Every structure is written in C-alpha cells, then in structure tokens.
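Chain by chain, the residues run as shown.
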Amino acid sequence: DNNVDLYEYFDLTLNAVYITNNQANVTLNYYHTLADAQSATNAITSATNALVSGDVYIRVQNNFVNWQGENCYVVVTQPLKVNPLPRISLLNAATHPNNTYQICQSPVSSGAAMFDLTTMISELLSANPASNTYTTTFYLTAVDAASGTNVISNPTSYQTTAPVGVTQTIYVRVVNDQTGCVNGKGSFDIVVNPKPTITLPIALNTCDTDGINDGYFSYPLDTALQNQILGASQTLTNYSVTFYDSFGQANIG
C-alpha cells in the first residue's frame, strides 16, 4: 500500500488445501508468532484479510482428542515479506524552489525551451537505498502515472504545453527493479521563465566637447539608464543590467 509501515493485507488461507493435503477433520489457525501458535493464543481472527508484516505461523490441528485429552498439531511457517514502495521526494528546495524545475526562455527565440526531465531523477529518488535500481517514467496526468499508461516518450527533450511563465505539473512513476513495487504518486512542476524585455535607450550623438579631443566621451551607465532599458514593467528590484564592450561578451556574460 502507500504507507511506509511495511504492513500489508494478505489472504492467509490461499495455501490451506496444500497444507492440509485433503485431510479431513483438520483445523488451521494463524498466528503472528511461533509462541502464540504453540500455545494457541492470540490467533489472527481475519485470516482472509490479515494485516501482517512478516512470516505467519499456522497451527495445523487434528480435531480429534487423543487418549491424553489433547489435540495433536504441528506448526507450519508461512514465509511472507512486505517490500517497501519506492519513495519519491520533492525536488531540492535550494536549487528548485517550490518543487519547480525552471529554465529560461531562449534569449534569441520566442519559443519555449526544452526540458530534460531525467536530470531530476537523482533528486526524486534521493530517499531510496543506493543499492537498489529503479525505473523512473514521466506522465502528464496523475491517472496515467498510477496506471503506467501514456508515458512521456521524450523525457530528455520535453517541451511544456503551458505558456511561457505558467507552470505545468509533471507526474512521476517509479518501479523498484528488484521487487517490482511501484509508486505512481510523485510530481513536480516545470516552468519556462520569460526572457526580460529590453527598451533600447536613445542613441547618444555628441561632439567631443569634454576638452580632450580624442574621440571618447563620458556616457553614464547609471541607474537612470538602467531603468530606461528595463521599461516600466521591470524594476531593478528583480532585474539587473550589465554592460559589455561587445555583443559576444554580453551573450556569454
């Protein structure tokens, strides 16, 4: 189930015919411990839907009383193991605030950029033992993740269906390759952040009147100019403006 207590419901009676081997007048009772089975105390009352976390002990007892007034019995161990579900963690809050994988819109294109969803796998699986291996797949709906249908076929180059600046939820399904246990209840958001807009400043045309006739003139790259470049909808509180001597240097920062 989706709990992490390592308990699960079993029908303990599935092997009853095999254990009795078609013997008549035999009763089976089920216990959590060997001591309880031997003393016939604390029997599991709902054997067809028993909540257990490990081996169950079955007291196979003859219904007839022997000459000493006892019911002959043997105790059979039914091995059971409850494997944990894979855990799906939230993304690292330091690098992905609000459980969101963010990328920037291309500075030279109006189109949305591509996401590599697989780069999030190590963070999503961070709470699982490193000794196990897992298969992680991605989906557009919680229903698909739960059922394993309609998987995103291009997780290394996925383009969001949401507009720029709007989050989209990606759903995650993880399978433990050793046990086959499945957790299809993980998710994280993706968003393409819009590129800043630039308002070109008024061109400076001036004569070299600073007293040094060298073809150079002082041009203040100050806050007033930066605010002019950002425009009314962007402020220096959330944006920064830097200046370079060439387009190439500006492009690589």
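Residues numbered from 1 in each chain as written. Predicted model: local features only at pLDDT ≥ 70, side-chain atom pairs only at ≥ 80, totals over all residues. Heavy atoms only, no water.

S.K.: Got a minute to help me understand unusual backbone geometry in this structure?
M.R.: A negative phi angle is the norm for most residues apart from glycine, just as the trans form is the norm for most peptide bonds. In this structure, Asn21 takes a positive phi of about 55° despite not being glycine. Mapped onto the elements of the fold, Asn21 is located in the loop between helix 1 (16-20) and strand 2 (26-31). Classification of Asn21 by relative accessible area gives exposed; the value is 58%. With a phi angle near 60°, Asn150 is a residue other than glycine that sits in the positive phi range. Following the sequence through the fold, Asn150 ends up in the loop between helix 4 (142-147) and strand 8 (168-176). Overall, the relative accessible area of 59% leaves Asn150 in the exposed class. (Helix = DSSP H or I, 4+ residues; strand = E, 2+ residues; numbered from the N terminus. Buried < 20%, exposed > 50% of the residue type's maximum accessible area, 1.4 Å probe, protein only.)

S.K.: Help me understand the environment of Gly184, please; the structure alone is not making it clear to me.
M.R.: Relative to the assigned elements, Gly184 resides in strand 9 (residues 182-193). A sequence separation of 177 residues divides Gly184 from Tyr7, and the C-alpha atoms of the two residues are 19 Å apart. When sequence neighbours within four positions are dropped, the list of residues in contact with Gly184 reads Ala142, Ala145, Ala146, Val172 and Arg173. (Contact = heavy atoms within 4.5 Å.)

S.K.: Even after reading the chapter, I still don't get a nonpolar patch on the surface, so can you show me in this structure?
M.R.: On the surface, a nonpolar cluster with roughly 440 Å² of combined accessible area is contributed by Leu204, Phe217, Tyr219, Leu221 and Phe243. Looking at where Tyr219 falls in the secondary structure, it is placed in the loop between strand 9 and helix 5 (223-230). (Patch = residues over 30% accessible without salt bridge, like charges linked within 9 Å, V, L, I, M, F, W, Y side chains within 5 Å. Areas by Shrake-Rupley, 256 points an atom, 1.4 Å probe, with all protein chains shown as cover. Salt bridge = Lys/Arg side-chain N within 4 Å of Asp/Glu carboxyl O.)

S.K.: What is the right way to look at the sheet that holds strand 4 (residues 56-65) in this model?
M.R.: Sheet strands associate in pairs through backbone hydrogen bonding, adopting either a parallel or an antiparallel arrangement. The sheet built from three strands is open, its strands ordered 2-4-5 with antiparallel pairing. Looking at the sheet topology across the chains shown, the edges are occupied by strand 2 and strand 5 (71-78). Geometrically, the sheet is characterised by an average inter-axis angle of 25° between neighbouring strands, direction not taken into account. With six bridges connecting them, strand 2 and strand 4 associate as antiparallel partners. Each bridged residue has a counterpart across the sheet, and for Tyr30 the counterpart in strand 4 is Ile58. (Pairing = 2+ DSSP bridges. Axes fitted to C-alpha atoms, helices over the stretch in contact; angles between N-to-C directions.)

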